[in-house]
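Coordinate analysis (summary)
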Amino acid sequence: QVQLVESGGGLVQPGGSLRLSCAASGNIFSINIMGWYRQAPGKQRELVARITSAGSTNYADSVKGRFTISRDNAKNTVYLQMNSLKPEDTAVYYCNLHVFAPSDYWGQGTQVTVSS
């Protein structure tokens, strides 16, 4: 049983910053990929960033240079530092844990709204 709990969403002005956190608990295999996805109204869910247990990262082109993903393996926690936020970043952000069974687990999402 795996559970993901997200936090850190909120309302910010364009150009502002937020840091999202996601803590995973349960039976988690040590080798995994944790990531952040987002879904805006009327759009498909898309990958924002992901990071392997070894620290390799991957970012969507739309956030590259502005967002930074990191993780604390001891705490089974992944973070997403979001800088220079734009209105188009507004979405529900979901934490994802991918385990090579393969298997995927999802958090319930946290709302990020970027508006003046």
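Heads up: these notes are all about the structure in this document. Remember, it's a predicted structure, so these values are computed and weren't measured experimentally.

With respect to the helices and strands, the residue W106 is situated in strand β10 (residues 103-106). Under the relative-accessibility criterion, W106 is labelled partly exposed at 38%. Linking W106 and N96, residues 10 residues apart in sequence, is a C-alpha distance of 4.8 Å. If we skip the residues at most four places from it in the chain, W106 touches L4, Y37, R45, Y94, C95 and N96.

Residues W36, L80, M82 and Y93 are the most contacted members of the largest nonpolar core, which totals 30 residues. Contributions of two or more residues to this core are made by β1 (2-7), β3 (18-26), β4 (32-39), β5 (46-52), β7 (67-72), β8 (77-82), β9 (91-99) and β11 (110-114). For this core, the element with the highest residue contribution is β9, accounting for 5 residues. Contacts of Y93, omitting those with residues within four sequence positions, involve E6, L20, W36, Y37, R38, V48, F67, L80, M82, G109, T110 and V112.

The next thing to look at is the sheet that holds β3. Taken in spatial order, the 4 strands make up an open sheet running β1-β3-β8-β7, and their pairing is antiparallel. Since the sheet does not close on itself, it has two edges, and those belong to β1 and β7, each with one partner. Here the average twist between neighbouring strands, direction ignored, is 15°. Looking at chain direction, β7 and β8 are connected through 6 bridges and run antiparallel. From the neighbouring strand, S70 faces β8, where its bridge partner is Y79.

Conventions and cut-offs
Residues numbered from 1 in each chain as written. Predicted model: local features only at pLDDT ≥ 70, side-chain atom pairs only at ≥ 80, totals over all residues. Heavy atoms only, no water. Helix = DSSP H or I, 4+ residues; strand = E, 2+ residues; numbered from the N terminus. Buried < 20%, exposed > 50% of the residue type's maximum accessible area, 1.4 Å probe, protein only. Contact = heavy atoms within 4.5 Å. Core = buried A, V, L, I, M, F, W, Y, C linked by side-chain atoms within 4.5 Å. Pairing = 2+ DSSP bridges. Axes fitted to C-alpha atoms, helices over the stretch in contact; angles between N-to-C directions.

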